[in-house]
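Residue-level listing of the chains:
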Amino acid sequence: MKSRAPSLILSWIAQIIAIVIMGQTLYFKFNGAPESIVLFTELGMEPEGRMLVGILELVTCILLIIPASVTFGAILGSALMVGAIIGHCTVLGWEGDRFYLGILAVSVLIACSVILYIRRYTVPFLGSALHGDETPHEERY
Amino acid sequence: MAVTGKLVVNLHNLARFTNIAVPLLAGLFFVSGLRISFYFHFLSVGFLFLTILNAFYLYGQRGHSLLRNFGILGQGRYILESVGPELRQYLYSNDTEERPFNRNERAEVYRKAQNTNSASSFGSQKNFDSTEVKVRHSMFPIHKSELKHTHITFGEERGCANPYTLERPFIISGMSYGALGESAVRVFARGAKQARILMNTGEGGYPKYHLEEGCDLIFQIGTAKFGVRQSDGQLDDQKLRDLVANETVKMIEIKFSQGAKPGKGGLLPKEKITEEISELRGVPIGEDVVSPTSHAECTDIESAVRFIAHVQEVSQLPVGIKMCVGLSTEFREFVTEMKRQNVFPDWITVDGAEGGSGAAPKAFMDRVGIPLFPGLKRVNNILTELEARDRLKIVASGKLVGPGRQMIAFCLGADVIASARGFMLAAGCIQAMQCGNNTCPIGITTHDPNLQRGLDITLKANRVENYVNNLEHDLVELLCATGCRSIQELSFDHLYVPKDSTLHTYIINSK
Ligand SMILES: Cc1cc2nc3c(=O)[nH]c(=O)nc-3n(C[C@H](O)[C@H](O)[C@H](O)COP(=O)(O)O)c2cc1C
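Residues numbered from 1 in each chain as written. Chains lettered and ligands numbered in written order. Predicted model: local features only at pLDDT ≥ 70, side-chain atom pairs only at ≥ 80, totals over all residues. Heavy atoms only, no water.

1. Quick word on the overall build of chain A
Counting secondary structure elements, chain A contains six helices and zero strands. Secondary structure elements of chain A occur, N-terminal to C-terminal, as α-α-α-α-α-α. Out of the 141 residues in chain A, the part that is buried amounts to 41%. Considering only contacts in chain A between residues 6 or more positions apart, those separated by 24 or more positions represent 60%. (Helix = DSSP H or I, 4+ residues; strand = E, 2+ residues; numbered from the N terminus. Buried < 20%, exposed > 50% of the residue type's maximum accessible area, 1.4 Å probe, protein only. Contact = heavy atoms within 4.5 Å.)

Quick look at the structure:
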């Protein structure tokens, strides 16, 4: 309710970007596309990890679509992407295709951060502390 | 902090431990992710986020001192506290403990509304020692057929051109469209029509939905005069004439004060101001609407009485006033002035300080005004002393949701009972106490269509009707038990008033 209309639209654009990027990789993960299998084999997570990450990303997409859970989706999404980026930094590297994949993860992370920033007052565990600074008549002390 | 050597849960220490442990664990899991298995990074990312959040609590925000001192563990308090009201209402509060209405009181209304058996077993849960007022019964109860009817005619005393006869002594007390949503207005209006009682519009301006449902109405003129206002805040006589031209507008109530906020005007929070409401009331969107504390025409007792006469003259209907009792001396002067001008309102609604409200300042709700029973007794006494009691009727309101308290009010001089929250409960209110936030989970005090959806108008209107039927049923049985043939025969002597009751000071010759 706090955010004004233009920023809400921006949030929805970011949500859609995140959903589209994550969503299209799901297809490869669940179908066991060779590139995907290679990645997760290098990480030592094949095949359970591939499925686990796929399911979590699917959940993220769903949370990002339903208005009541957008902030939860953005938190989960950014956590997954931080994990992916750790993967690129420690195991997978950034050469060739990998660079492209890594940039996708960074893009989703940025999208999720934008969503969280725009909706910061409704983010669980964070919103009320932000309120506390700005609205003196908040009930908590 | 003393080190005692005993194993005790020291929350201060635990919080400090947590603040160091969280980042340490994040690092540890990260290393495990590198060395042992990538799966550990699920944990390292989680703990990384916790570390960032905790740093924000400890060093970033300033609003919550507790989080600034203790960090993430301090959230535990807020989380637990936030589910407290629900847990208490669902599980931990006993049946006679909650306020304003405890579980027993609510359940009694629900049973009456749903037409289910209301016999209780084993014994009363009330406190019998020293505070509870009881009704005295007769050794020789009479039979129903010996009772006189319960009709009450407003306006008969002064020979009003259009008197109104209420068949059953119950009124749905004023709740504005604004405080209520559209569906709720329809539920109450339809229910009132089915039950053949009156509904008070509250100070919500033009009663659009009430008129559509076609029940008998009391139109309330609040201090802001929504619906009948000139731009300077005075009464617009023509608008009032147009309004009373509607056949179902039977009476007019001038609101002087309300028990929940005596000395303050009405308040409608901005969350609840829809386009339609802003139009019906003539107020802007996006601001709280605060009614003035008094009527522009009424600056002293003399002008207040003249205003009552004026409204009687313009409307040609029975005209009453609603007030919460404050200074008894002032009320005495008020009645004296009525006698001097020979102008009496056709009824006085005595609203107790325990009355409800969609939104009222807490200090006023908690601390201002006289509670119903002593207030009612005082009003009845003063009117009787000044020989004016037979010039008007008395309507009583203030937590009169069940037959017990209603009976006491009748004994204290009331002719008719008005209730707001009784009817809300009958319509399914669960006392979530969110009337001012537009988030009523039952859909009564909200304009959110998704929440109003839950309120089935036909079904709930039937419940309102059932509730009235069952209240009347109990009233009749109680009357028979006292041996009185009508409500008017009831008196203070029919009450047993123990020493610690607020009414005890009124006992003259102890019985
Ligand atoms: C939601 C709500 C809205 C109300 N709106 C009005 C109002 O517009 N005008 C008024 O005079 N009283 C208003 N009241 C007060 C009631 O009419 C009544 O006097 C009071 O609640 C006492 O009755 P009760 O204890 O049976 O609820 C409102 C009460 C509630 C709960």
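2. Considering the interface of chain A and chain B
In this complex, chain A contributes 26 residues to the contact, which on the side of chain B involves 22 residues. Taken together, both faces of the contact between chain A and chain B bury some 2,000 Å²; the carbon and sulfur share is 72%. For the interface between chain A and chain B, the tally reads zero salt bridges. The tally of links between chain A and chain B comes to three residue pairs in polar contact (both at pLDDT 80 or more). Looking at the side of chain A that touches chain B, the elements that each hand over two or more residues are helix 3 (48–65), helix 4 (70–92) and helix 6 (127–134) of chain A. Residue contributions to the side of chain A that touches chain B peak at nine residues, all from helix 4 of chain A. Considering only residue class, the side of chain A that touches chain B consists of 15 nonpolar, eight polar and three charged. (Buried area = accessible area lost by both parts, 1.4 Å probe. Salt bridge = Lys/Arg side-chain N within 4 Å of Asp/Glu carboxyl O. Polar contact = N/O pair within 3.5 Å; in protein donor to acceptor, adjacent residues only side chain to side chain. Nonpolar A, V, L, I, M, F, W, Y, C, P; charged D, E, K, R; others polar.)

3. With respect to unusual backbone geometry
For the bond running from A:Glu46 to A:Pro47, omega is -5 degrees, close enough to zero to count as cis. The step from B:Arg99 to B:Pro100 runs through a cis peptide bond, and the omega angle for that step is -5 degrees. In this structure, B:Pro100 sits in the loop between helix 4 (75–92) and helix 5 (103–114). The backbone phi angle of A:Phe125 is positive, close to 70 degrees, even though this residue is not glycine. Mapping A:Phe125 onto the fold places it in the loop between helix 5 (97–118) and helix 6.

4. Structural notes on the packing of aromatic side chains
All names here are of chain B. Applying the stated criterion across every chain, the model contains ten aromatic pairs over all chains. Note on Phe 29 and Phe 40: the rings are 6.2 Å apart at their centroids and 20 degrees apart in plane angle, and the pair reads as stacked. With Phe 29 in helix 1 (residues 11–35) and Phe 40 in helix 2 (residues 40–60), the pair connects residues that are eleven residues apart, well separated along the chain. An angle of 50 degrees between the planes, with centres 5.4 Å apart, marks the rings of Phe 29 and Phe 47 as tilted. (Phe/Tyr/Trp six-rings, centres within 6.5 Å; stacked < 30°, edge-to-face > 60°.)

5. Notes on the sheet that holds strand 10 (residues 319–323) of chain B
All names here are of chain B. Strands sit in the order 4-5-6-7-10-11-12-13 around a closed barrel of eight strands; the barrel is parallel. Across the sheet, the axes of successive neighbouring strands diverge by a mean angle of 25 degrees, strand direction being ignored. Bridge count for strand 5 (residues 198–200) against strand 6 (residues 217–221) is two bridges, and the pairing is parallel. By the bridge assignment, Met 199 is partnered in strand 6 with Leu 217. Set on the sheet, helix 13 (residues 372–385) makes contact with strand 11 (347–351) and strand 12 (393–397); between it and strand 12 the angle comes to about 170 degrees. Along the sheet, helix 14 (residues 403–411) makes contact with strand 4 (170–172), strand 12 and strand 13 (416–419), crossing strand 13 at roughly 135 degrees. (Pairing = 2+ DSSP bridges. Axes fitted to C-alpha atoms, helices over the stretch in contact; angles between N-to-C directions.)

6. So, a nonpolar patch on the surface
Together, A:Phe30, A:Met51, A:Ile55, A:Leu58, A:Val59, A:Ile62, A:Ile65 and A:Ile66 make up a nonpolar patch on the protein surface, roughly 640 Å² of accessible area in all. The greatest single-element share of the nonpolar patch, amounting to six residues, is contributed by helix 3 of chain A. (Patch = residues over 30% accessible without salt bridge, like charges linked within 9 Å, V, L, I, M, F, W, Y side chains within 5 Å. Areas by Shrake-Rupley, 256 points an atom, 1.4 Å probe, with all protein chains shown as cover.)

7. Observations regarding the site of the ligand
Residue and element names in this part refer to chain B. The environment of the ligand is formed by 23 residues, the closest being Ser 173, Gly 174, Lys 399, Ser 419 and Arg 421. Taking Lys 322, its side chain carries an N or O atom lying 2.8 Å from an oxygen atom of the ligand. Separating an oxygen atom of the ligand from a backbone N or O atom of Lys 399 is a distance of 2.5 Å. Computed on the free molecule, the ligand has an accessible area of 610 Å², of which 98% lies beneath the protein chains in the complex. Residues that form the shell around the ligand fall into these classes: four nonpolar, 13 polar and six charged. (Near = heavy atom within 4 Å.)

8. Looking at helix 1 of chain B
Residue and element names in this part refer to chain B. For helix 1, with 25 residues, the first-to-last C-alpha span of 35 Å sits near the 36 Å given by 1.5 Å per residue. Where helix 1 bends most, the angle comes to about 25 degrees, and this point is Ala 21, followed within four residues by the proline Pro 23. Among the residues of helix 1, Ala 15, Thr 18, Asn 19, Ala 21, Val 22, Ala 26, Phe 29, Ser 32 and Gly 33 are the ones counted as buried. Where helix 1 is buried, its residues meet helix 2 and helix 3 (65–70). At the N-terminal end of helix 1, a side-chain oxygen is found 2.9 Å from the backbone nitrogen of His 12, two or three residues along, and the residue is Asn 10. (Expected span 1.5 Å × (residues − 1). Bend = angle between axes of the 7 residues up to and from the residue.)

9. Considering the side chain of B:His447
Residue and element names in this part refer to chain B. When you line up the elements, His 447 lands in the loop between helix 15 (421–426) and helix 16 (449–452). When its relative accessible area of 12% is taken as the criterion, His 447 is described as buried. Side-chain polar atoms of His 447 contact the backbone oxygen of Lys 272, separated by 3.3 Å. Setting aside its immediate chain neighbours within four residues, His 447 contacts Tyr 177, Gly 178, Leu 180, Gly 181, Lys 272, Thr 274, Ile 277, Asn 438 and Gln 452.

10. Here's the deal with helix 13 of chain B
Residues and elements named next belong to chain B. Here helix 13 spans 20 Å end to end across 14 residues, near enough to the 20 Å set by a 1.5 Å rise per residue. Taken across its 14 residues, helix 13 has ten buried, putting it largely inside the fold. When helix 13 is considered as a whole, its buried residues turn out to be Leu 372, Phe 373, Pro 374, Gly 375, Leu 376, Lys 377, Val 379, Asn 380, Ile 382 and Leu 383. Contacts from the buried residues of helix 13 go to helix 11 (328–341), strand 11, strand 12 and helix 14. Backbone geometry just after helix 13 places Glu 387 at a positive phi near 55 degrees.

11. Comments concerning the pairing of strand 7 (residues 249–255) of chain B
Walk down a regular strand and you will see the side chains alternate between the two sheet faces. All names here are of chain B. In terms of burial, strand 7 is largely enclosed, as six of its seven residues are buried. The sheet contact formed by strand 6 and strand 7 spans five bridges and is parallel. What sits directly across from Ile 218, in strand 7, is Met 251. Where the polypeptide runs from strand 6 across helix 8 (residues 237–244) and back to strand 7, its parallel neighbour, the crossover connection is right-handed. Where strand 7 meets strand 10, four bridges bridge the pair, whose relative direction is parallel. The residue of strand 10 that forms the bridge with Lys 255 is Lys 322. (Right-handed = clockwise from strand over helix to strand, strands pointing away.)

12. Points about the confidence of the model for chain B
Mean pLDDT over chain B: 94, with 99% of residues reaching 70 or higher. Note on the complex model: pTM 0.89, ipTM 0.90. (pLDDT = per-residue confidence, 0-100.)

13. Description of the state of the cysteines
Using the criterion set out here, one finds zero disulfides over all chains in the structure. In this structure A:Cys112 is not part of a disulfide, and its nearest cysteine sulfur, from A:Cys61, lies 9.5 Å away. A:Cys112 gets classed as buried once you look at its relative accessible area, which sits at 0%. Left unpaired, B:Cys411 is separated from the closest cysteine sulfur, that of B:Cys484, by 7.4 Å. Residue classification places B:Cys411 among the buried residues on the basis of a relative accessible area of 3%. (Disulfide = S-S within 2.5 Å.)

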